[in-house]
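Listed here are the chains, written in short residue letters.
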Amino acid sequence: MFFLALKNILFYKGRSITTFALTFFSTFSFIVYVAMMDGSHNSILHNALKVYVGAIEIYEKGYREIGGNEYLLYNVHKKEEILKNIEGVSSFTSRYETYGLLSSDEYSSAAMVVGINPTKEVQHSQLKNALILGEYLDGSANNCLYVGSDLAKRLHVKLDSKVSFIGSASDNSFAADIFKVCGMFKTGAYEFDSSSAFIDRGYFDTLMLSEDMASYIHVNVTDLSDVDLIQQKIQAALDDPKLEVLTWKTLMASMVEAMKVDSIFGYISISLFFVVIFFVIMIFSFINASSRLREFGTLRAIGLSSANINVLLFYEIFILSTLAIILAAPLGAYVAYYFNANPIIIEGMSETYKEYGIVSDELPLSFDLFTIAWNVGIVYLLNFLSILYPMRFINRFKPLEALKHV
Amino acid sequence: MIRLQNVNKYYYRGEEREVHALKEINLEIKKGEFSLLSGPSGCGKTTLLNAIGALDSIDSGEIYLDDMEISSLSEDARTRLRLNEMGFVFQAYNLIPVLNVEENIGFIMKLRGFDEDVIKARVQELASLLEIDTKLSSLPSTLSGGQQQRVAVARAVAPKPKIILADEPTANLDSKNSKTLMDMMRSLNEKEGISVLFASHDEYVMRYVRRIIEMNDGAIVAK
Ligand SMILES: Nc1ncnc2c1ncn2[C@@H]1O[C@H](COP(=O)(O)OP(=O)(O)O)[C@@H](O)[C@H]1O
Ligand SMILES: [Mg+2]
């Protein structure tokens, strides 16, 4: 039967070539499309993690939902001592975030002012690398302000400009001071660049009366795929029901959601494409099968069962799709692999997509054998489905009816 | 070898109008016979041949192959029966277009699981007997009608079935090719003792057979 299937494939060239070419094309484009989609999602995530959000962040319950000084973390040093001994935690730093009014001589803007430990922060965000003008904070606990480029534009300030700050200290008392612009940064994330400014905690804590306090502790892990496990360990070690230890999946829930939605749309559009391919393959199989009705009638008359005929048709599509997939899958995988190692550079992409947190012009494709395997599986499945109707059609005829067919 | 008892068959056309295509057929065909169902067009030859070949069902009566009643068998059992016990030759040759002559002749033997060596020898033997041995590697579409029909005969005869059923095998052939075909089939019948039952109204066929079963309007009128 296998032999006959092979012969049929060689004989009915039109159908074979169409099926082969379509299968080849859809396998290849499916793999590359999914690799591109996953790749862009991955890089958005990684960008976001690099920029500011932590793999894990530790909060007092209520801070994220309600906010305000009632929900600050206390005894930060003690908590940090505990973190030091947890396996999988590579580094940590605490931040003190507050919202206030920044004003230059003529302009003002609400902003998030964050007290950071400049040296530690280097391991936790891209702030230092995002420097475009002046200097990053030098760690000497002065009143230097590191301002987002778009915020600086809003305030119309330059390097060395004076900026006044009015806010509320950790005990809700009035806090006001004058800072000096020492550096400007641009991450590409507009929201972020237009509303945040950083200052050395050593200086900021005296103003905000926030010694040994923090908005949250920002934790890096050695291996991002272990993040859930490490989160549990931290939760257990801190052993305080008033704390919440959150991973990036929760912290960036809206982004994760958005990417899910994006994936769904991606799959919908590619499945439309597949439905078309599927129907074309089916129509060709069907035309081929109906032109061979008399042949099938002969085969049935001389003693092949309808199951034999189904096996014959199955072999035909199996050989054709296997051949196409064997050629297309490695090619698709290679393209994904190549552009994974050598990301496509799209000039100006970071500019266009900065609101989505893309901070580089590189778009690496995702290379994942498991994904490629299920892509291939789907193409196989569709090809097999495409001959079910032709099979049904042929088996509706009795041998004698099929024989008479011309 | 084959025995029919009170076989009736009807074709239903719509609700009421039925055709009584086989009427109380009683018939016996012995091993080694070279016989013919003859009669005017539409008298039921093909219907009877298909009933004997387990290709079509009947409405009443019994058909025995040796001692087995075959008309009541399941579709699968009848399929196996056709493969293992029957050989078919059709009016339109019905060769498998993608297989060459050699593969066509050996096709049924291969389905039945004969050894490759046995198949090869048998194909060679039949091909020279039927004078198509120079065409073994050609595709059917490159052969003349007469040659194609000889390939079809060789395919049917190759596994030595109990009986060959040939429905109008000469209808698409000219007189010369018809004579050659009948000559060869008859010598196969004599050499190998293969039983053949024709359905035809062709005088060439009539001249070669040893027994004529005359039919008219669905009934046998003379044996
Ligand atoms: N599939 C069918 N449906 C309805 N009537 C049929 C069918 N096949 C044959 N008949 C009728 O049965 C009768 C016998 O036909 P058939 O056996 O083909 O005759 P023959 O082969 O002797 O020419 C004819 O009247 C024919 O019209
Ligand atoms: Mg007829």
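Below you will find a few notes about this structure. (Residues numbered from 1 in each chain as written. Chains lettered and ligands numbered in written order. Predicted model: local features only at pLDDT ≥ 70, side-chain atom pairs only at ≥ 80, totals over all residues. Heavy atoms only, no water.)

Once that is clear, we can look at the overall build of chain B. Tallying secondary structure elements over chain B gives 7 helices and 10 strands in all. Radius of gyration (C-alpha) of chain B: 17 Å, near the 17 Å computed for a compact globule of 223 residues. Scored against the burial criterion, the 223 residues of chain B give a buried share of 55%. Considering only residue pairs separated by 6 or more positions, chain B has 71% of its internal contacts joining residues 24 or more positions apart. For chain B, the exposed surface amounts to about 9700 Å²; the carbon and sulfur share of it is 45%. Where the 28 positive side-chain charges of chain B centre and where its 33 negative ones centre are 4 Å apart. (Helix = DSSP H or I, 4+ residues; strand = E, 2+ residues; numbered from the N terminus. Rg over C-alpha atoms; globule rule 2.2 N^0.38 Å. Buried < 20%, exposed > 50% of the residue type's maximum accessible area, 1.4 Å probe, protein only. Contact = heavy atoms within 4.5 Å. Areas by Shrake-Rupley, 256 points an atom, 1.4 Å probe, with all protein chains shown as cover. Lys, Arg positive; Asp, Glu negative; His and termini not counted. Charge placed at Lys NZ, Arg CZ, Asp CG, Glu CD.)

This part takes up the sheet that holds strand S4 (residues 60-65) of chain B. All names here are of chain B. Pairing is antiparallel in the open sheet, where 4 strands are placed in the order S2-S1-S4-S5. Bordering the open sheet on either side are strand S2 (18-29) and strand S5 (68-69), each of which pairs with just one other strand. Bridge analysis of strand S1 (residues 2-12) against S4 gives 5 bridges, and the strand direction is antiparallel. Each residue of the ladder has a partner; that of Arg3, found in S4, is Tyr64. Each of S1, S2 and S4 is contacted by helix H1 (residues 45-52), which is oriented at about 55 degrees to S2, the strand it contacts most. (Pairing = 2+ DSSP bridges. Axes fitted to C-alpha atoms, helices over the stretch in contact; angles between N-to-C directions.)

Here we take up the sheet that holds strand S7 (residues 163-167) of chain B. All names here are of chain B. Pairing in this open sheet of 6 strands is mixed, and the strands run S6-S7-S8-S3-S9-S10 from one edge to the other. The open sheet terminates on both sides in strands that have one partner only, identified here as strand S6 (86-89) and strand S10 (219-222). Neighbour to neighbour, the strand axes of the sheet diverge by 25 degrees on average, direction disregarded. Bridge analysis of strand S9 (residues 211-216) against S10 gives 3 bridges, and the strand direction is antiparallel. Each bridged residue has a counterpart across the sheet, and for Glu214 the counterpart in S10 is Ala222. Helix-sheet contacts for helix H2 (residues 75-85) involve S6 and S7, and the interaxial angle to S6 is about 80 degrees.

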